[in-house]
Amino acid sequence: MTKTSDAELDIFVKSALGKKARNPVLLDVRHLTSIADAFLICHGMSNRQVSAIAEHIQRDLKKQGIKALSVDGLKEGHWVLMDYGHVVIHVFYESTRSFYNLEGLWSDARRIQTESLKRVVDASDDDMDVDESVFIE
């Protein structure tokens, strides 16, 4: 596989975040497999959102001259697998992501923090400051 910079990988992350993909994780799998340099894993809250995220990624990247080698699972919306050669994108329905636990399966992979991923983490940290206590009487 080719040496891919974090800035080049950020294009894929930005594309997924364009349709509000949840909890994106970028794994460096270069030293673990020959099928790709990186896995981008994210999820949506419904099968419609999963399909919308994947379609948005496909359109957005195509505008930038990056075409998918293959896309599987788009109609079902439970697990869309998008192969871009050096990057493989997994867009899951939330419960399907938990079931397959790719982050656990590839736990030896280094997590890559791109600029877009850092902003997502910073934004979620800011949200944690809000008191979200629920009182039931």
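Residues numbered from 1 in each chain as written. Predicted model: local features only at pLDDT ≥ 70, side-chain atom pairs only at ≥ 80, totals over all residues. Heavy atoms only, no water.

The next point concerns the packing of aromatic side chains. Taken as a whole and assessed by the stated rule, the structure comprises 5 aromatic pairs. An angle of 65° between the planes, with centres 5.6 Å apart, marks the rings of Phe 12 and Tyr 84 as edge-to-face. Here Tyr 84 lies in the loop between β4 (79-83) and β5 (87-93) and Phe 12 lies in helix α1 (residues 6-17), a separation of 72 residues in the sequence. Here Phe 12 and Tyr 84 have matching classes, each one buried. Judged by centre distance (5.1 Å) and plane angle (90°), the ring pair of Phe 39 and Trp 106 falls under edge-to-face. Here Phe 39, found in strand β2 (residues 38-44), pairs with Trp 106, found in the loop between α4 (102-105) and β6 (110-111); they are 67 residues apart in sequence, far enough to count as distant. Residue class for Phe 39 comes out buried when judged on its relative accessible area of 3%. (Phe/Tyr/Trp six-rings, centres within 6.5 Å; stacked < 30°, edge-to-face > 60°. Helix = DSSP H or I, 4+ residues; strand = E, 2+ residues; numbered from the N terminus. Buried < 20%, exposed > 50% of the residue type's maximum accessible area, 1.4 Å probe, protein only.)

Moving on to helix α2 (residues 47-63). The end-to-end C-alpha separation of α2 is 24 Å, in line with the 24 Å expected for 17 residues at 1.5 Å each. Every buried residue of α2 is listed here: Val 50, Ser 51, Ile 53, Ala 54, His 56, Ile 57 and Leu 61. Its buried side turned inward, α2 meets α1, β2, β4 and β5. Once α2 finishes, Gly 65 follows within two positions and takes phi at roughly 85°, a positive value. (Expected span 1.5 Å × (residues − 1). Contact = heavy atoms within 4.5 Å.)

Moving on, we get to the nonpolar core. In terms of nonpolar packing, the biggest core is built from 22 residues, with Leu 26, Ile 57, Met 82, Tyr 84, Ile 89 and Val 91 touching the most fellow members. Contributing elements (two or more residues each) for this core: α1, β2, α2, β4 and β5. If one sorts the elements of this core by residue count, α2 sits on top with 5 residues. In this structure, Ile 89 is in contact with Phe 12, Leu 40, Ile 57, Leu 61, Val 80, Leu 81, Met 82 and Tyr 84, ignoring residues within four places of it in sequence. (Core = buried A, V, L, I, M, F, W, Y, C linked by side-chain atoms within 4.5 Å.)

Here we take up unusual backbone geometry. Residues other than glycine seldom take positive phi values, yet Lys 20 does so here, at roughly 60°. Note that Lys 20 resides in the loop between α1 and β1 (22-28). At Asn 23, a position not held by glycine, the phi torsion is positive, near 45°. Turning to its location among the elements, Asn 23 is positioned in strand β1. For Asn 23, a relative accessible area of 49% translates into the label partly exposed.

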